[in-house]
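Summary of the model geometry
Okay, here's what each chain looks like letter by letter:
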Amino acid sequence: MIRSPLLFRYLFREVSIATSASFAVVCAILFYGNAVRNDEYFLQALFHSPETFFTLSGLLIPYAAAYALPLGFVVGLLLSLGRMSADKEILAMRTVGLGVGTVLYPVILLALLFSVLSVFLVGEWGPRSRALFDLRKTEIVLNSLDLILKRDGVLTFDIPPVAEEGNAQDSSTRALRSLMGPEVRRCGLAAGNVEGDVWRDLRLSFRDGSDRMVGVLSARSAKVRRDTVRGVLALHLEGIDLEGDFNSSVSGSARSPSFVSFESWSEPLELPLNDGSSGTSFKRLGYSQLYQAYLDAANEDQRLEIAILLNKNLALGCSPICLAIMVLPLSLRVGRRETMLNAGIALCFAMFYFFLVTFLPEALRDFSNLRPALWSWAPNALCVCGGAWMLSKPD
């Protein structure tokens, strides 16, 4: 087979430029979509300081890049090779005796480089950056609560049901539920003075799932502590007056509004944020952390979810090399000069691939004998087999 280093560098450069440009465009689109969903936090960050705004933006870029890399690679590959095929450059190479391997080698080399970077982005840098992004979001919200309270006059907190809290619920929440009953689902907080870490003249109203008032708590003051890791606002209350249906938690008991007054609670009253970004999520863990969580006996009921996530991240990370083997013969066969049409074909193909990687394990989740976690690799195997079959054909 005839090999030309100059031609290798030309093909490598052309494909690299197209794939890098496509990756940048797709990354910008995905970043914009995520930024729009979190526009309130970006505005609050910009209000605090430009540094906070740029830090929040920087933490979101790796998460967007993790999914933009394989998608942008496929688009750039089909655009570059489609243009060469439409301009008869591929035909000219074949005419002088150069085989498909002349195009295959630089593409495979670039795909391997993209795959290594993608494995790191999808399974390590992306999830960890998103976890830090969620933590900074929580920090921004907690630090802005006094401003929001001044602006709106009241803060609303959703209180999770007892079944969702399990053994992790703190003693202050148990004390509250013992008085108000387990049906408390929402808390409204108002305060007369919210300067600094000591708020004064507080009023907390508690409602059930049907939005019925079940109790009112008034406090002379509260020392405020913002827990960004757990995503809660802790209030050390003093001078407490509590009025409510304290016997409503007893089944069949008649409601009898009562009033109690005491100086303080031994434990703070903790109110969770509404955005749900706090807490530990397996999707925000890297490979090593996911593997340790998989081995942990405490996660016995969630091992399938962890296994699916691990295999899906690895499969997506290896997608550039697998998609390249499939897209290469397609681009040589259906080469077109129309850039938008080539981009549309690549996007449809890549989106279908992503759909299969995500859908197949979830669809087979209830069939444990079929090893649903391993089905994340099925689209990769199909791409490799289909591409190898097309490359093996003489034409």
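Since this is a predicted model, take the numbers as computed values, not measurements. (Residues numbered from 1 in each chain as written. Predicted model: local features only at pLDDT ≥ 70, side-chain atom pairs only at ≥ 80, totals over all residues. Heavy atoms only, no water.)

1. Concerning the nonpolar core
Just so we agree on the cut-off: As used here, the term nonpolar core means buried Ala, Val, Leu, Ile, Met, Phe, Trp, Tyr and Cys residues forming a set that is joined through side-chain atoms within 4.5 Å. Exposure classes here rest on a 1.4 Å probe applied to the protein chains alone. A residue is buried below 20% of its type maximum, exposed above 50%, and partly exposed in between. We count a stretch as a helix when DSSP gives it H or I for four or more residues in a row; a strand needs E for two or more, and each element gets its number in order from the N terminus. Contacts: residue pairs with any heavy atoms within 4.5 Å of one another.
In terms of nonpolar packing, the biggest core is built from 44 residues, with Phe 73, Leu 77, Leu 81, Met 93, Val 103, Val 107 and Tyr 353 touching the most fellow members. Every element with two or more residues in this core is listed here: helix H1 (5-37), helix H3 (50-86), helix H4 (89-95), helix H5 (101-143), helix H11 (319-333), helix H12 (339-363) and helix H13 (378-392). Ranked by the residues each element gives to this core, the list is headed by H3, at 14 residues. Here Leu 81 is in contact with Val 15, Val 103, Val 107, Leu 328 and Ser 331, once residues within four sequence places are set aside.

2. A closer look at the side chain of Gln 44
Of note, Gln 44 is situated in helix H2 (residues 39-48). Judged by relative accessible area, which is 14%, Gln 44 ranks as buried. Residues contacting Gln 44, with those up to four places away along its chain left out, are Ile 140, Val 141, Ser 144 and Ile 148.

3. Here we look at the environment of Trp 389
Note that Trp 389 resides in helix H13. The class for Trp 389 is exposed, based on a relative accessible area of 55%.

4. Observations regarding unusual backbone geometry
Phi is positive for Asp 201, close to 55°, though the residue is something other than glycine. Along the chain, the position of Asp 201 falls in strand E3 (residues 198-208). With a phi angle near 55°, Arg 371 is a residue other than glycine that sits in the positive phi range. Structurally, Arg 371 can be placed in the loop between H12 and H13. Residue classification places Arg 371 among the exposed residues on the basis of a relative accessible area of 53%.

5. A few points about the side chain of Ser 205
With respect to the secondary-structure elements, Ser 205 resides in strand E3. Residue classification places Ser 205 among the buried positions, given a relative accessible area of 12%. The contacts of Ser 205, once residues within four sequence positions are left out, are Arg 186, Cys 187, Gly 188, Met 213 and Gly 215.

6. Focus on the packing of aromatic side chains
In plain terms, the rule: Note on aromatic contacts: the rings of Phe and Tyr and the six-membered ring of Trp form a pair at centre separations within 6.5 Å, being stacked when their planes are under 30 degrees apart, edge-to-face when over 60 apart, and tilted otherwise.
Tallying each qualifying case throughout the model produces nine aromatic pairs. Summarising the aromatic geometry, the rings of Phe 42 and Phe 133 are spaced 6.1 Å apart at their centres and angled 40° between planes, so their arrangement reads as tilted. Highlighted residues: Phe 42 in helix H2 and Phe 133 in helix H5, separated in sequence by 91 residues. Phe 42 gets classed as buried once you look at its relative accessible area, which sits at 6%. Residue Phe 133 is classed as buried on the basis of its relative accessible area, which comes to 0%. Each ring, one from Phe 120 and one from Trp 125, has its centre 6.2 Å from the other, and the planes form 35°; the classification is tilted.

7. Let's talk about the state of the cysteines
Rule in force here: By definition, disulfides here are pairs of cysteine sulfur atoms that lie within 2.5 Å.
Scanning the model with the defined rule gives zero disulfides in all. Between Cys 385, a free cysteine, and Cys 383, which holds the nearest cysteine sulfur, the sulfur-to-sulfur gap is 9.5 Å. The exposure class of Cys 385 is exposed, given its relative accessible area of 54%.

8. Details of helix H6 (residues 145-152)
Rules: The reported arc concerns the directions from the helix axis to the C-beta atoms and nothing else.
By the burial criterion, the buried members of H6 are Leu 145, Asp 146, Ile 148 and Leu 149. Each buried residue of H6 sits inside an arc of 160° when the element is viewed along its axis, so together they form one side. Residue Gly 153 follows H6 closely and has a positive phi angle near 85°.

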